[in-house]
Amino acid sequence: MTFRQAQLTDLNQILTIIDAAVARMLREGKQQWDETYPAMSDILRDLTLQQGYVLTSGRKILAYGAVVFSGEPAYDDLDGEWLSDSPYVVVHRLAVAQEEQQRGVGGLFLRSVEHMAAANGIGSFRIDTNFDNNAMLRLLEKEGFEYCGDIRYDRGSRRAFEKLI
């Protein structure tokens, strides 16, 4: 498997993964993603800012996420306490291809981000998810992230986690 920066030529596969994740969340009554988010414009912005990353096997994209090293403004108003005050990496819009779920792909994506961050001297990894995103909550626990508190976006509050690298 290869972890690499996403390219515009990956857009169709990425959108297929995102659309399937949105459909699953809607079907299950989850409140994190819906028909308006994440939109193609969000993914295009990730690609333009060179923040979109994919985990691939051959030509097939297994997972997508936005990897951000420039911070997340919502994290400045945490209702809780972060583990550190150091620079951090954050992942947004993580989605795994439906046929690849429960095969360790999400964990491999997060570990790949962790290795990239460590190689760049970053010692902290932050991420957030909705209170009802049980799959992501289990993944974060399995990967050693610690719950630090809640943050708010225009779309609602999220549970925030950090892992020291």
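Notes on the structure follow.

The rules behind each value
Residues numbered from 1 in each chain as written. Predicted model: local features only at pLDDT ≥ 70, side-chain atom pairs only at ≥ 80, totals over all residues. Heavy atoms only, no water. Axes fitted to C-alpha atoms, helices over the stretch in contact; angles between N-to-C directions. Helix = DSSP H or I, 4+ residues; strand = E, 2+ residues; numbered from the N terminus. Parallel < 35°, antiparallel > 145°, perpendicular 65-115°, else oblique. Left-handed = near helix turned anticlockwise from the far one by under 90°. Contact = heavy atoms within 4.5 Å. Buried < 20%, exposed > 50% of the residue type's maximum accessible area, 1.4 Å probe, protein only. Arc of directions from axis to C-beta. Salt bridge = Lys/Arg side-chain N within 4 Å of Asp/Glu carboxyl O.

1. Focus: the packing of helix 1 (residues 11-27) against helix 2 (residues 40-48)
In step 1: Running from amino to carboxyl end, helix 1 crosses helix 2 at an angle of 135 degrees, the nearest separation of the two axes being 11 Å. On the basis of their axis angle, the class for helix 1 and helix 2 is oblique. The handedness of the crossing between helix 1 and helix 2 is right-handed. Here Leu 11, Ile 14, Leu 15 and Ile 18 of helix 1 lie close against helix 2, whose contacting residues are Met 40, Ile 43, Leu 44 and Leu 47.

2. Re helix 2
In step 1: Taken together, the buried positions of helix 2 are Asp 42, Ile 43, Asp 46 and Leu 47. The arc that holds every buried residue of helix 2, seen down its axis, measures 140 degrees, which confines them to one face.
In step 2: Here the buried face of helix 2 lies against helix 1, strand 2 (52-57), strand 3 (60-68) and strand 5 (88-96).
In step 3: Positive backbone phi, approximately 60 degrees, marks Gln 50, located one or two places after helix 2.

3. Quick word on the pattern of salt bridges
In step 1: With the rule as written, the count across this model stands at 10 salt bridges.
In step 2: In this structure, the salt-bridge partner of Asp 34 is Arg 155, at a minimum N-O distance of 3.1 Å. Here the residue Asp 34 occupies a position in the loop between helix 1 and helix 2, and Arg 155 occupies one in the loop between strand 7 (146-153) and strand 8 (156-164), the gap between them amounting to 121 residues.
In step 3: Asp 34 sits in the partly exposed class, given a relative accessible area of 23%.
In step 4: When the shortest N-O distance is used, the salt bridge between Asp 42 and Arg 45 registers 3.0 Å. Of the two residues, Asp 42 and Arg 45 are both situated in helix 2; the distance of three residues between them amounts to about one turn of the helix.

4. A few points about the side chain of Arg 126
In step 1: Along the chain, Arg 126 turns up in strand 6 (residues 124-129).
In step 2: Among the residues examined, Arg 126 registers a relative accessible area of 6% and is labelled buried.
In step 3: Among all residues touching Arg 126, those that are not within four sequence positions of it are Tyr 75, Trp 82, Ser 84, Asp 85, Ser 86, Tyr 88, Val 89, Val 90, Val 91, Phe 161 and Glu 162.

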